[in-house]
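Here is what each chain is made of, one letter per residue.
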Amino acid sequence: MPDYKELYYESQARLADLEEVLKRLVLKIQSVMRESEEKILEDDGKTAQKND
């Protein structure tokens, strides 16, 4: 018979690990989104200068 307490703690540890991975992914996605936004704004600024 499996040790349910051990399985519970193991599953909690795995969930905590996954939570950390997801947090890192969120931070990476936010960083990429900021970089993309800055690039778009930079490109828009260059386009606006060319049109002046």
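It should be emphasised that the depicted structure is a prediction, and the values quoted were computed from it without experimental measurement. By convention here, each chain's residues receive numbers from 1 onward along its written sequence. At least 70 in pLDDT is required for a residue's local features to be given in this predicted model, at least 80 for side-chain atom pairs to be given and counted, and no such filter applies to totals for whole chains, interfaces and linings, which use all residues. As a convention, hydrogens and water are excluded, and side-chain values are obtained from all of the structure's heavy atoms.

Caption draft 1: Focus on the overall build of the protein chain. Counting its secondary structure elements, the protein chain contains one helix and zero strands. Using C-alpha atoms as the atom set, the radius of gyration is obtained and then compared with a globule rule of 2.2 Å times the number of residues to the power 0.38. Its C-alpha atoms give the protein chain a radius of gyration of 23 Å, clearly above 10 Å, the size a compact globule of 52 residues would have. When accessible area is computed with a 1.4 Å probe and restricted to protein chains, residues below 20% of their type maximum are described as buried, those above 50% as exposed, and intermediate ones as partly exposed. Taking all 52 residues of the protein chain together, the buried fraction comes to 0%. Summed over all atoms, the accessible surface of the protein chain reaches about 5200 Å², with 58% contributed by carbon and sulfur. Two residue types count as positive, namely Lys and Arg, and two as negative, namely Asp and Glu; His and chain ends fall outside the count. Where a charge sits is defined by one atom per residue type, namely NZ (Lys), CZ (Arg), CG (Asp) or CD (Glu). Side chains of the protein chain give 9 positive and 13 negative charges; the mean places of these two sets differ by 2 Å. Elements are defined by DSSP. Helices are runs of H or I of four residues or more, strands are runs of E of two residues or more, and each kind is numbered from the N terminus. Per-residue and other accessible areas were derived by the Shrake-Rupley procedure at a 1.4 Å probe size, with only the shown protein chains allowed to occlude residues.

Caption draft 2: Molecular detail of a nonpolar patch on the surface. A surface patch of nonpolar side chains, about 480 Å² in accessible area, is lined by Val21, Leu22, Leu25, Ile29 and Met33. For Leu22, the position within the fold is in helix H1 (residues 4-51). Put simply, a patch holds well-exposed residues, over 30% relative accessible area, that have no salt bridge, with like charges counted together within 9 Å and Val, Leu, Ile, Met, Phe, Trp or Tyr side chains within 5 Å. The salt bridge definition used is simple: a Lys or Arg side-chain nitrogen within 4 Å of an Asp or Glu carboxyl oxygen.

Caption draft 3: Up close: the packing of aromatic side chains. For Phe, Tyr and Trp, rings pair up if their centres lie within 6.5 Å, where Trp contributes its six-membered ring, and each pair is then called stacked (planes under 30 degrees apart), edge-to-face (over 60) or tilted (otherwise). Applying the stated criterion across every chain yields a total of one aromatic pair. Where Tyr8 meets Tyr9, the ring centres are 5.4 Å apart and the plane angle is 65°; that geometry is what we call edge-to-face.

Caption draft 4: Main features of the pattern of salt bridges. Applying the stated rule across the entire model yields four salt bridges. Arg14 serves as the salt-bridge partner of Glu10, at 3.0 Å between the closest nitrogen and oxygen. Of this pair, Glu10 and Arg14 both sit in helix H1, four residues apart, which is roughly one turn of the helix. One salt bridge connects Glu19 with Lys23, and the closest N-O pair in it is separated by 3.6 Å. Placement of both Glu19 and Lys23 in helix H1 is noted, with a separation of four residues, approximately one turn of the helix. The exposure class assigned to Glu19 is partly exposed, which follows from its relative accessible area of 43%. Residues joined by salt bridges that share partners form a network here, namely Glu19, Glu20 and Lys23.

Everything listed is a geometric property; what it means functionally is a separate question.
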